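For reference, the chains in residue letters:
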Amino acid sequence: MIEVRDLRVRYGGRVVADVPELDVAPGECVAIVGESGSGKSTTLMALLGLTEGAEVSGRVRVAGVDVLTASPARLRAIRGARVALVMQSPQAALSPTTRLGTLMRRALKLHGVGDAERVMAEAVEAVLLDPAILRRYPHEVSGGQAQRFAIALAIALGAEAILADEPTSALDVTVQAEVVAVLRELCAARGLALLLVSHDLALVSTIAHRVLVMRDGEVVESGPAARVLAEPSHPYTRELLEALP
Amino acid sequence: MPRHLILRLGQAFLVMVGVVALTFVITRMVPGDPAVAYAGPRATPEQLAEVRERFGLDEPLWVQLAVYVRDLATGDWQTSLHTRRPVLEDLYHAFPASLELVGAGLVIAIAVGVPVGVLAARFRGRFPDFSVRLTSMLAVSLPVFWLALALQTVFGSTLGWFPVAGEYDGSLDTTSPLTLWTNITVVDALITGNWPILTSTLAHLALPALVVAAYPAGVIAQLVRATLIEEASQDHARLERALGFRETTILTRFALRPALNPVLSLIALVFAYAIVNGFLVEAVFNWPGLGRYAVSAISHSDTPAVAGVTLLVALMYVFANLVVDLLQGVIDPRTRAR
Amino acid sequence: MSAMPRVARLPRVTDRFALAGAVLITLIALAAVLAPWLAPHPPGEVDPLNALSPPDGEHWFGTDAAGRDVFSRVLHGGQTSLLIAVAVLAVSATAGVLLGVVAGYAGGWVRDVIMRITDVFLAFPALLLSVALAVVLEPSVTTVIVAIAVTWWPWYARLSAATAASIATRPYVDAARCLGVPAIMIILRHVLPNSLTPVLVQLSLDAGGVILTAAALSYLGLGAQDPTAEWGLMVEQGQTLFTTNWWVVTFPGLAILLTAFAFNVLGEGLRDALDPRRIVK
């Protein structure tokens, strides 16, 4: 689903992300962990071809499209429809003057999804939200609701992969669990590929199959989650684990 | 009624009181004796005394202010020294034409300024952006009276494409007389289906409205550009990009509405400026509005008339600001929640 | 007191708009100051035999109805316009900043009273209040300066009140207050210098507006009077001749446009360098 080889992102000559290899298969969840500024989020945006002003090299295939060489129109066609993005601060990620339903309807129309009303109702129910939420504005819903709505957008558009950038760090602990449950269900039951960016190792250990550890733009360690988290080979990973409460 | 609404109304009321007081102070600043100014230099002492008594000029200042406020409230806005008619009556006749001109100018300014601002934001840092910024800076630097003279000379007198002066062809008053409803000629001609007067007014309106539009169009374009650029760097624009929306769609469908809020406050500000800039334009194009009235009052040192126009425009401005504040909630749902 | 920030940090002039504006203004100011040496004719030199002659090698911008050299008058007119702009901005910024800083530092009812007064003045469009004032005063350059300054100070009062209020709550000001430093010293040493940066940007943005307002007042006959070379007045004197003798109106008008434009470009550039988003006045 996602296939990355020798990805390098540079801003003004400085390498901010260097990922030699990253694959996410359908039904699999891969997590990138590291501190802020380690290049995790940049890697995520590079997968969508949304690193404006950066030099990007290497090979990135997402949903069968070569992201670095594809035409803008082709890129827009996979964004949203094949790969969805879930962002950190859920409410800031929604346009303040657009009702949630309006946003979803516009996105469905953009990607030519028919029978919009039924699709929207089903998607919203799949993330355990009341369909009435579609008539609300972003400031009228809670953070957890907004985040689940963002996931519902992915379901409605039929995305096969989800890129989640710190999806729970802005949420309360109890709400975090709900969002994690929804994400895990998508992976396991619907077979979506999930690429998760997080600095929260507790979250990562409950959901990820494989883990990449990044520091200062470089991947310092990668492997199955159980192994990396239980017997880290890199000192930085040990530091991160020791910082856990 | 929400608390902030009451506060806002109270504030507007205070400002209106201040506006009246300041206008009063200005009218009493006339150098020399206001009685002489009214009665003329050759008036006898008896006539002067009579004038003084009639206008209460021998009373203490605060009594004069109280009388002034009472008179304003009861509709007595003094008498014009030049037309010798009540100022309020003159204003009543001149106001609709000004509203027509400024309204047309603002419609043009919004119709040009908003899309041009979007264009500049869409191509930020590239040629379209550069030329929009340059043109809008030129537009706000134009001396209106000069632009009015230039357009009048080039497109009116020389090329003959547009009429040079007036609101419509006066001979139409006999061939197809206009029934008055709102006193705004364009509107009246439209609702009564008076096509000859409508087309004539639109032709007369074109040049002055264009001049009035220049400044607000430039300001609106600059503000729309700046606000859209800000909106397009927000998190939500990132999500919209990740959903596959085009950059243009993001600007016009998602970013424009929150961006319109500052534009709306600006329009209230610009409205007052356009009225006053319109004064100079009206004088050049002989447009029968407040401006022509004010300019003729200025040249006759007609203080009551000037004070009347000043007061009217300032009160309108306070009112327009109030309306805009209340409208903000309709455009941006976030302010409604607060 | 080592925590005190550096005084009035000026932006680096990297923006090309700011640079272009600064160069243009320098040229215009030089032309105005050096007008007595640059102008080929004295501005008041009347030559009825050569009245209304079109631009040529002798009179670059032609001559007006009295046969005066328009080019020389445009150069000298720059002196009047720049003098008005500098005087208005100096007077209104000084008065506005002082009142604003006092309001912002004192807070409470002092702030409320001063701010309500500025609200009243801000309810009048600048040109309107200036016109009203100029009508009751004798028309002259001084009248123009007074009339515009009266309408302009509230903008600076409001601007510096906001900055001063935020500075007054900073720890180093608190510290000074606790040490028993008199209020006047705190204002002069700390609050005032730190309130100036936004005012400087606003000044360059406003200069164009002042020049346009002054020209409009003169055009209405409320400012400079006949022998004086003033751009707005020159347009007024030539307006009936526009169709037949375009040069008498065109050049003074272009001079107003260019000067206002230069200040707007500089202000815009400075604002961009500091903050890309502030409401236009």
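Within each chain, residue numbers correspond to sequence positions counted from 1 in written order. Chains carry letters and ligands carry numbers; both start at the beginning, A for chains and 1 for ligands, and go up in the order they are written. Given that the model is predicted, a residue must reach a pLDDT of at least 70 before its local features are reported, and side-chain atom pairs must reach 80 or more before they are shown or counted; all residues, however, enter totals for whole chains, interfaces and linings.

Spelled out, the test is: UniProt positions are given in the numbering used here, feature names are shortened, and annotations may be inferred rather than shown by experiment.
As annotated in an unreviewed UniProt entry, chain B carries the name ABC transporter permease and comes from Nonomuraea corallina. Recorded in UniProt under Subcellular location (unreviewed entry), the annotation for chain B is "Cell membrane". Annotation of chain B in UniProt includes, under Sequence similarities (unreviewed entry), the sentence "Belongs to the binding-protein-dependent transport system permease family."

A word on the overall build of chain B
Quick note on the threshold: Labels follow the DSSP assignment, with helices taken as runs of H or I lasting at least four residues and strands as runs of E lasting at least two, numbered in each case from the N terminus. Put simply, a residue is buried when 20 or more other C-beta atoms lie within 10 Å of its own C-beta and exposed when 12 or fewer do; between those, it is partly exposed, and each C-beta is set from the backbone.
Secondary structure summary: chain B contains 15 helices and zero strands in total. Principal-axis analysis of the C-alpha atoms places the extent of chain B at approximately 85 × 55 × 40 Å. Sorting the 338 residues of chain B into buried and exposed places 47% on the buried side.

Observations regarding the overall build of chain C
Rule in force here: What counts as a contact here is a pair of residues whose C-beta atoms, placed from the backbone, lie within 7 Å.
In terms of helices and strands, chain C carries 11 helices and zero strands. Along the first, second and third principal axes, the C-alpha atoms of chain C reach 75 × 45 × 30 Å. Within chain C, buried positions represent 52% of all 281 residues. Across chain C, every contact between residues at least 6 apart in sequence was considered, and the portion connecting residues at least 24 apart equals 73%.

Here's the deal with the interface of chain A and chain B
Which entries qualify depends on this criterion: Residues are grouped as follows: nonpolar covers Ala, Val, Leu, Ile, Met, Phe, Trp, Tyr, Cys and Pro; charged covers Asp, Glu, Lys and Arg; every other residue, Gly included, is treated as polar.
Taken together, the contact pairs 23 residues of chain A with 20 residues of chain B. Every element with two or more residues in the side of chain A that touches chain B is listed here: helix 2 (72-78) and helix 3 (100-110) of chain A. In terms of residue count, helix 3 of chain A provides more of the side of chain A that touches chain B than any other element does, three residues in total. Its residues assigned to classes, the side of chain A that touches chain B comprises 13 nonpolar, seven polar and three charged.

Focus: the nonpolar core
Applicable threshold: A set of buried Ala, Val, Leu, Ile, Met, Phe, Trp, Tyr and Cys residues, joined through C-beta atoms within 7 Å, is what we mean by a nonpolar core.
In terms of nonpolar packing, the biggest core is built from 274 residues, with A161(A), I162(A), L194(A), A148(B) and V131(C) touching the most fellow members. Among the elements that make up this core, the one with the highest residue count is helix 12 (residues 247-285) of chain B (24 residues). Setting aside residues up to four positions removed in sequence, V131(C) forms contacts with I298(B), V306(B), L217(C), L220(C) and L222(C).

Remarks on the UniProt feature "domain: ABC transmembrane type-1" (unreviewed entry) in chain B
UniProt marks residues 95-328 of chain B with the feature "domain: ABC transmembrane type-1" (unreviewed entry), using the numbering shown here. In residues 95-328 of chain B, helix accounts for 81% and strand for 0%; the two terminal C-alpha atoms are 27 Å from one another.

Regarding the arrangement of the chains
For this structure, the chain pair with the highest number of contacts among two pairs of chains in contact is chains B and C. A gap remains between chain A and chain C, which never touch, and the nearest two C-alpha atoms on either side lie 19 Å apart.

Some words on the packing of helix 5 (residues 87-122) of chain B against helix 6 (residues 127-141) of chain B
Residues and elements named next belong to chain B. Quick reminder of the rule: Between the N-to-C directions of two axes lies an angle of 0 to 180 degrees, each axis being a line fitted to C-alpha atoms and, for a helix, fitted only over the stretch in contact. Angles are sorted into four bins: roughly parallel if under 35 degrees, roughly antiparallel if over 145, roughly perpendicular if 65 to 115, and oblique for all others. For a crossing to be left-handed, the near helix must be turned anticlockwise from the far one by less than a right angle; the clockwise case is right-handed.
At a closest axis distance of 7 Å, the pairing of helix 5 and helix 6 adopts a crossing angle of 140 degrees. Classed by the angle they form, the pair helix 5 and helix 6 counts as oblique. For the pair helix 5 and helix 6, the crossing hand works out as left-handed. Contacts from V116, L119 and A120 in helix 5 reach P128, D129, V132 and R133 in helix 6. Taken together, the residues of the contact of helix 5 with helix 6 sort by class into five nonpolar, no polar and two charged.

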